[in-house]
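Remarks on the overall topology
Here is what each chain is made of, one letter per residue.
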Amino acid sequence: MKIDLTRLVTESRNAASAEIDKLSTLEMLEVINQEDQKVALAVKQQLPQIAQAVDAITEAFAKGGRLIYMGAGTSGRLGILDASECPPTYGTKPELVVGLIAGGHQAILKAVENAEDNVELGKQDLVDLKLTAKDVVVGIAASGRTPYVLGGMRYAKSVGATVAAIVCNPVCAMSDEADISVIPVVGPEIVTGSSRMKAGTAQKLVLNMLTTGAMIRSGKVYGNLMVDVEATNAKLVQRQVNIVVEATDVGADEAEVALQASNRHCKTAILMILAGIDAKEAAARIEKHNGFIRQALKT
């Protein structure tokens, strides 16, 4: 099937870089940087839609649902990157936020021929995950037309899941299929069609907002501190101490004592210090209030 790419904004030529191969290295980089500055403004235009998606994801988490990203190539890799950062940052289970890429794990490092053109593969990957109506599926594609992603989105709708799309072309099949469409139109790329650049940056900014926003709304941030961070290496052990110190204004030694008493659970350690209670009571209060420290402090 012949595909007409000429109508896609992400495939059009950028006048600002029409003769970029004639420029000096510094001049070339200045053009790239000037174009990159447009990305955040394009994302800003989509904040209401991003907020809708964050609220839907938060609601899904509260009901035992999951966030599932689907993409091919760069888009798929960005989804996997965002998903993989959630467990160490927020102490979530790996299955809470999942990234799927056309072609499977091998496609993370190397392109898998024709995988993105397989509609049935998108559906099958969600069947394998036992998708339910409680989940949220987010399709990611700069073009907004990737068959693998469309197959997954259509299947997700058929089971009653909430479906969102992150695309960079204003008129596309994926936005037509989605319940929530996030469409940062970043314009033509510096190198024509290289959507890993501005489009990829826009996708990364949106993905950052989706998981960060949903985790904040789920009680995994106190102030601006990642209070569910897991101590999986020396750096993170020290980060836990720093978090407790920042949240409570105690010294590092007192923070470490509370962390040890709470089995290195930052929320429990913080509540112990702020409320003047022991680890057992603090843990019970945290659980009772679904992980929200501020609510636990009002008890």
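Along each chain, residue indices are assigned from 1 in the same order as the chain's sequence is written. Since the coordinates come from a predicted model, pLDDT governs what is reported: local features require at least 70, and pairs of side-chain atoms require 80 or more to be given and counted, while whole-chain, interface and lining totals use all residues. The side-chain figures draw on all heavy atoms in the structure; neither hydrogens nor water molecules are used.

This paragraph deals with the pairing of strand E3 (residues 136-140). Accessible area is worked out with a 1.4 Å probe on protein chains only. A residue is then buried under 20% of its type maximum, exposed over 50%, and partly exposed in between. Counting from the N terminus, the helices are the DSSP runs of H or I reaching at least four residues and the strands are the DSSP runs of E reaching at least two. Of all the five residues making up E3, five are buried; the element is thus mostly covered by neighbouring parts of the structure. In E3, alternate side chains face the same way, and those of Val-136, Val-138 and Ile-140 on one face and Val-137 and Gly-139 on the other are all buried. When DSSP locates at least two bridges between a pair of strands, those strands are taken to pair. Inspection of the sheet shows strand E1 (residues 67-71) paired to E3 by five bridges, in the parallel sense. The residue of E3 that forms the bridge with Met-70 is Gly-139. Summarising the sheet, E3 and strand E4 (residues 162-166) pair through five bridges and their orientation is parallel. Its bridge partner lying in E4, Val-137 is registered against Val-163. Running through helix H5 (residues 147-158), the crossover from E3 to the neighbouring parallel element E4 is right-handed. Whether a crossover is right-handed comes down to one check: with the strands pointing away from the viewer, does the path from the first strand over the helix to the second run clockwise; if it does, it is right-handed.

Below, the discussion takes up the domain arrangement of the chain. According to the domain assignment, the chain consists of domain 1 (9-217) and domain 2 (221-297). The source of the domain bounds is an automatic or database domain assignment. Computed from C-alpha atoms alone, the centre-to-centre distance between domain 1 and domain 2 is 34 Å. Taken together, the eight residues of domain 1 in the interface contact six residues of domain 2. Summed over both sides, the interface of domain 1 with domain 2 buries roughly 580 Å², with 59% coming from carbon and sulfur. For this analysis, residues touch if any pair of their heavy atoms sits within 4.5 Å. Here the quantity called buried area is the total loss of accessible area, with a 1.4 Å probe, experienced by two parts when brought into contact, counted for both.

Attention shifts here to helix H2 (residues 47-62). Expected span of a helix, by definition, is 1.5 Å for each gap between consecutive residues, and there is one gap fewer than residues. Taking 1.5 Å of rise per residue, the 16 residues of H2 would be expected to cover 22 Å, and the 22 Å separating its terminal C-alpha atoms lies within 8% of that figure. The complete set of buried residues in H2 reads Ile-50, Ala-53, Val-54, Ala-56, Ile-57, Thr-58, Ala-60 and Phe-61. Of the residues trailing H2, Gly-64 is marked for its positive phi of about 85°.

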